[in-house]
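# Architecture and fold: a report
The chain contents come next:
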Amino acid sequence: LAGIKSVEESLKRTGKDATINPIRNLPGCYRVSYALQPSAKISVVIPLKVNIQPDTDAIVRVIQSCRASIAEINIVSEYALDHATRNSLEQLSDSFHVPIKYWAKETPLVGSVNDAIKTATGDFILLLANGCAPEEEGAFLRLAATAQFAGVVGSRIISKDDYLISAGIRIAPSGNI
């Protein structure tokens, strides 16, 4: 209880709106969920490895989990997408009214990813591996809420049994980890 009280006092002192929940099986560790502005928009960036096509099923799950919050989806590759995949992405874009941009340059992938990030229109940028999609609605919005006070956030991964698999990463705008 002292740990929760300390976190509550810190949130109150800094004027941040958040909820605090203890993490089961990790005494003294808490999940802090910050309130996210309802109008916040997320730009999704999905880099693709050599000659890999995007997982359209995962893209649908991403859109469905936070539809109103997606500014655009940027798919980045060193190679062109096949015709069928491009048509499928255009249909997804039209069906869900979410812009899906495609970046294909014969440059190193990291350069194209940087270009996509520089032109992103969202308040937050979500860098996803191809095929990555949330298991529950609002998962990415909660991640974005954590990112409000950091430069970069890597997802904390917790098993269905509430065991910590990865603590994630948080890099402050100053560059401190």
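Structural data are supplied above this passage.
To keep things clear, this report deals only with the structure shown in the data block. (Residues numbered from 1 in each chain as written. Predicted model: local features only at pLDDT ≥ 70, side-chain atom pairs only at ≥ 80, totals over all residues. Heavy atoms only, no water.)

### Some thoughts on the nonpolar core
Let me state the cut-off plainly: Nonpolar core, defined: a set of buried Ala, Val, Leu, Ile, Met, Phe, Trp, Tyr and Cys residues in which side-chain atoms within 4.5 Å join the residues together. Any residue under 20% of the maximum accessible area for its type is buried, any over 50% is exposed, and the rest in between are partly exposed; the area is computed with a 1.4 Å probe on protein chains only. Helix and strand assignments come from DSSP, with helices taken as H or I runs of at least 4 residues and strands as E runs of at least 2, each series counted from the N terminus. Here, two residues are considered to be in contact whenever any of their heavy atoms come within 4.5 Å of each other.
Core analysis: the largest hydrophobic core is formed by 22 residues, its most contacted members being Val44, Ile59, Ile70 and Ile73. Within the residue set of this core, elements represented by two or more residues are strand E3 (42-47), helix H2 (56-65), strand E4 (70-77) and helix H3 (83-96). When residues in this core are grouped by element, the largest group, five residues, is from H2. Discounting residues that sit within four places of it in the chain, Ile59 has contacts with Ile46, Pro54, Ile73, Ile75, Leu89 and Leu92. If you look at the next biggest cluster of nonpolar residues, it comprises five residues, including Val45, Val76, Val113 and Ala116.

### Some details on empty space enclosed by the protein
Test applied: Put simply, the grid is 1 Å and covers the protein atoms alone, a cavity is a trapped set of points that fit a 1.4 Å probe, a pocket is an open set with protein on both sides within 12 Å along at least five of seven lines, and lining residues have an atom within 4 Å of a point. Grid points are joined across faces, edges and corners, and a volume is the space filled by probe spheres set on the points. Ten residues, namely Ala, Val, Leu, Ile, Met, Phe, Trp, Tyr, Cys and Pro, are considered nonpolar, four, namely Asp, Glu, Lys and Arg, are considered charged, and the remaining ones, Gly among them, are considered polar.
In total, this model carries one cavity of 30 Å³ or more according to the counting rule given. Around the largest cavity sit Ile46, Asp55, Ala58, Ile59, Val62, Leu128, Ala129, Asn130, Gly131 and Cys132, which together line it. Per-element accounting of the lining of the largest cavity gives the leading share, three residues, to H2. By residue class, the composition of the lining of the largest cavity is seven nonpolar, two polar and one charged.

### Focus: unusual backbone geometry
Positive phi is not limited to glycine here, since His97 has a value of about 55°. Tracing the sequence through the fold places His97 in the loop between H3 and strand E5 (100-104). Take His97: its relative accessible area is 70%, and that puts it in the exposed class.

### Side note on helix H4 (residues 109-118)
To be explicit about the condition: An arc is given here, and it is the one of the directions from the helix axis to the C-beta atoms.
Restricting attention to buried positions, one finds in H4 the residues Ser112, Val113 and Ala116. Each buried residue of H4 lies within a common arc of 100° when the element is viewed along its axis, so the set occupies one face. For H4, the exposed residues set more than 90 degrees away from the buried face come down to Val110 and Lys118.

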